[in-house]
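Chain by chain, the residues run as shown.
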Amino acid sequence: QKMPPSLPATINIREPRWDQSTFQGRAKHFFMVTDPRNLLLSGATLEEARRVVEDYRAGTVQPGLTEDQLWRAKYIYDSAFHPDTGEKMILVGRMSAQVPMNMTITGCMLTFYRTTPAVLFWQWVNQSFNAVVNYTNRSGDAPITPSQLGTAYVSATTGAVVTALGLKSLTKHLPAIIGRYVPFAAVAAANCINIPLMRQRELKLGIPVTDENGNRLGESTAAAQKAIFQVVVSRIGMAAPAMAIPPVIMNMLEKRAFLKRYPYLNAPLQVGLVGLCLVFATPLCCALFPQKSSMPVSSLEPEVQDQIRKKDPWLETVYFNKGL
């Protein structure tokens, strides 16, 4: 039996398989990255994927390796290892954990929103999860200290809880459907606090900027600001359908005899509806902006511009990993 022809060593697996300049290409990429089935892969499978990817990048092509197998290994590798540091990411912090984790937490936030202790508890759970995700998917390779991590976590959690309780007290005399949207407003506000705080080191010291070929040119705080803004917009967009559509459906269902007869189905129904929204909203909102974001050299800080001009006077655009 003839062996399949050996793969060329020229496929660029540092970049996604699909064209990232189009929304469709980015969406295909993130449907792969956020696939919850990646969480079920064994440590041995992850290490094998890492070996295939690192060997291929080093110019070693394993005999019999097909292009589809190579891309599969690349996406398994990307789902579990940080793009800048190469370290294995915490399981619940991976993007493939977004749908099952957010489905459970958001479903519970929308179900148990009527009492103050429940609001406090689920906002705390949500911000604890967000803190892990934001730390795990940070951009760059600079370490963050435990004290910075603690400050960011406490500030974001406090912000979310204060927002949720403040809005809850304001909606007491408004229609019930308005009260159902308090968790979304709290989550949106918390994202605006949590993400910049968890990534404050990037805002102070900058994130790596590179040329088109990945050659590091320096660190930029302007790039960090753009990266964090894009992530905040994506995260709020990700939460919006899951927190806006189920309340309307549940409000209608709760008036029907079915849920009055079987009230214990309220939480599972809510979680299921949230999960259905998140399966699509998570990858589609991650795809709003390219993962490898770019900006003109002229928009960087003057000292970084000078640094880059010395290396390459004609360079017009720099690239950076925006994080997720």
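- As recorded in an unreviewed UniProt entry, the protein goes by Sidoreflexin and comes from Regulus satrapa.
- Under Catalytic activity (unreviewed entry), UniProt gives the following word-for-word description of the protein: "L-serine(in) = L-serine(out)".

## Some points on empty space enclosed by the protein
Argument step 1. Considering all chains together, one arrives at two cavities of 30 Å³ or more under this definition.
Argument step 2. What lines the largest cavity is a set of 14 residues, and nearest its centre among them are N102, N130, V187, R235 and A239.
Argument step 3. Within the residue set of the lining of the largest cavity, elements represented by two or more residues are α4 (98–111), α5 (116–136), α8 (182–198) and α10 (221–253).
Argument step 4. Element by element, the count of residues in the lining of the largest cavity is highest for α10, at five residues.
Argument step 5. Residue classes in the lining of the largest cavity are distributed as seven nonpolar, six polar and one charged.

## Examining the environment of R180
Argument step 1. Along the chain, R180 turns up in the loop between α7 (176–179) and α8.
Argument step 2. Accessibility expressed as a relative area gives 2% for R180, which makes it buried.
Argument step 3. In this structure the C-alpha to C-alpha distance between R180 and Q225, which are 45 residues apart in sequence, comes to 32 Å.
Argument step 4. Leaving out residues up to four positions away in the same chain, R180 has contacts with L110, Y113, R114, P247, M250, N251, E254 and Q270.

## Some thoughts on the domain arrangement of the protein
Argument step 1. Looking at the protein, the domain boundaries give domain 1 (23–88) and domain 2 (95–321).
Argument step 2. On a C-alpha basis, the centres of domain 1 and domain 2 stand 25 Å from each other.
Argument step 3. With 17 residues of domain 1 in contact, the opposing surface of domain 2 contributes 23 residues.
Argument step 4. Roughly 1,600 Å² is buried in total at the junction of domain 1 and domain 2, and carbon and sulfur atoms are behind 66% of that figure.
Argument step 5. The leading source of residues in the side of domain 1 that touches domain 2 is helix α1 (residues 23–33), at six residues.
Argument step 6. Residues belonging to the side of domain 1 that touches domain 2 are distributed by class as follows: eight nonpolar, five polar and four charged.

## Some thoughts on the pairing of strand β3 (residues 292–296)
Argument step 1. Along β3, the buried face is formed by S293 and M295; none of K292, S294 and P296, which line the opposite face, is buried.
Argument step 2. As paired strands, β3 and strand β4 (residues 317–321) are joined by five bridges and run antiparallel to one another. If you follow K292 over to β4, its bridge partner there is N321.

## Description of the packing of α4 against α10
Argument step 1. Running from amino to carboxyl end, α4 crosses α10 at an angle of 40 degrees, the nearest separation of the two axes being 11 Å. Comparing their axes, α10 and α4 come out oblique. Classified by chirality, the crossing of α10 by α4 is right-handed. Taking contact as the criterion, the partners of Q98, T106, M109 and L110 in α4 are, on α10, M238, A242, M243, P246 and P247.
Argument step 2. Here the residues of the contact of α4 with α10 are counted per class, giving seven nonpolar, two polar and no charged.

## Focus on the nonpolar core
Nonpolar side chains tend to gather and get buried jointly when the protein is soluble and globular.
Argument step 1. Within the largest apolar cluster, 27 residues are counted, with the highest numbers of intra-cluster contacts made by L7, I11, I13, F30, Y56, L70 and C286.
Argument step 2. Those elements giving two or more residues to this core turn out to be α1, α2 (43–57), α3 (67–80) and α12 (266–286).
Argument step 3. Ranked by residue count, the leading element in this core is α3, at seven residues.
Argument step 4. Residue contributions to this core reach at least three from each of two domains, namely domain 1 (23–88) and domain 2 (95–321).
Argument step 5. Setting aside its immediate chain neighbours within four residues, I13 contacts V53, Y56, R57, L70, W71 and K74.
Argument step 6. V99, V125, F129 and L278 belong to the second-largest nonpolar core, a separate cluster that totals 16 residues.

## Some thoughts on the layout of surface pockets
Argument step 1. The calculated volume of the largest pocket comes to roughly 1,200 Å³.
Argument step 2. Along the walls of the largest pocket sit 42 residues, with R14, E15, P83, D84 and N321 positioned nearest its centre.
Argument step 3. Of all the elements in the fold, those that place two or more residues in the lining of the largest pocket are α1, α3, β1 (207–210) and β4.
Argument step 4. Top element by residues in the lining of the largest pocket is α3. It accounts for four residues.
Argument step 5. In the lining of the largest pocket, the residues fall into 14 nonpolar, 17 polar and eleven charged.
Argument step 6. No fewer than three residues from each of domain 1 (23–88) and domain 2 (95–321) sit in the lining of the largest pocket.
Argument step 7. Roughly 230 Å³ of volume is contained in the second largest pocket.
Argument step 8. Of all the elements in the fold, those that place two or more residues in the lining of the second largest pocket are α5, α6 (146–170), α7 and α8.
Argument step 9. If one sorts the elements of the lining of the second largest pocket by residue count, α5 sits on top with four residues.
Argument step 10. A class-by-class count of the residues in the lining of the second largest pocket yields twelve nonpolar, three polar and three charged.

About the thresholds
- Residues numbered from 1 in each chain as written.
- Predicted model: local features only at pLDDT ≥ 70, side-chain atom pairs only at ≥ 80, totals over all residues.
- Heavy atoms only, no water.
- UniProt positions renumbered as here; feature names shortened; annotations may be inferred.
- 1 Å grid on protein atoms, 1.4 Å probe; cavity = no way out; pocket = protein on both sides within 12 Å on 5 of 7 lines; lining within 4 Å.
- Points joined across faces, edges and corners; volume = space filled by probe spheres on them.
- Helix = DSSP H or I, 4+ residues; strand = E, 2+ residues; numbered from the N terminus.
- Nonpolar A, V, L, I, M, F, W, Y, C, P; charged D, E, K, R; others polar.
- Buried < 20%, exposed > 50% of the residue type's maximum accessible area, 1.4 Å probe, protein only.
- Contact = heavy atoms within 4.5 Å.
- Domains from an automatic or database assignment.
- Buried area = accessible area lost by both parts, 1.4 Å probe.
- Pairing = 2+ DSSP bridges.
- Axes fitted to C-alpha atoms, helices over the stretch in contact; angles between N-to-C directions.
- Parallel < 35°, antiparallel > 145°, perpendicular 65-115°, else oblique.
- Left-handed = near helix turned anticlockwise from the far one by under 90°.
- Core = buried A, V, L, I, M, F, W, Y, C linked by side-chain atoms within 4.5 Å.

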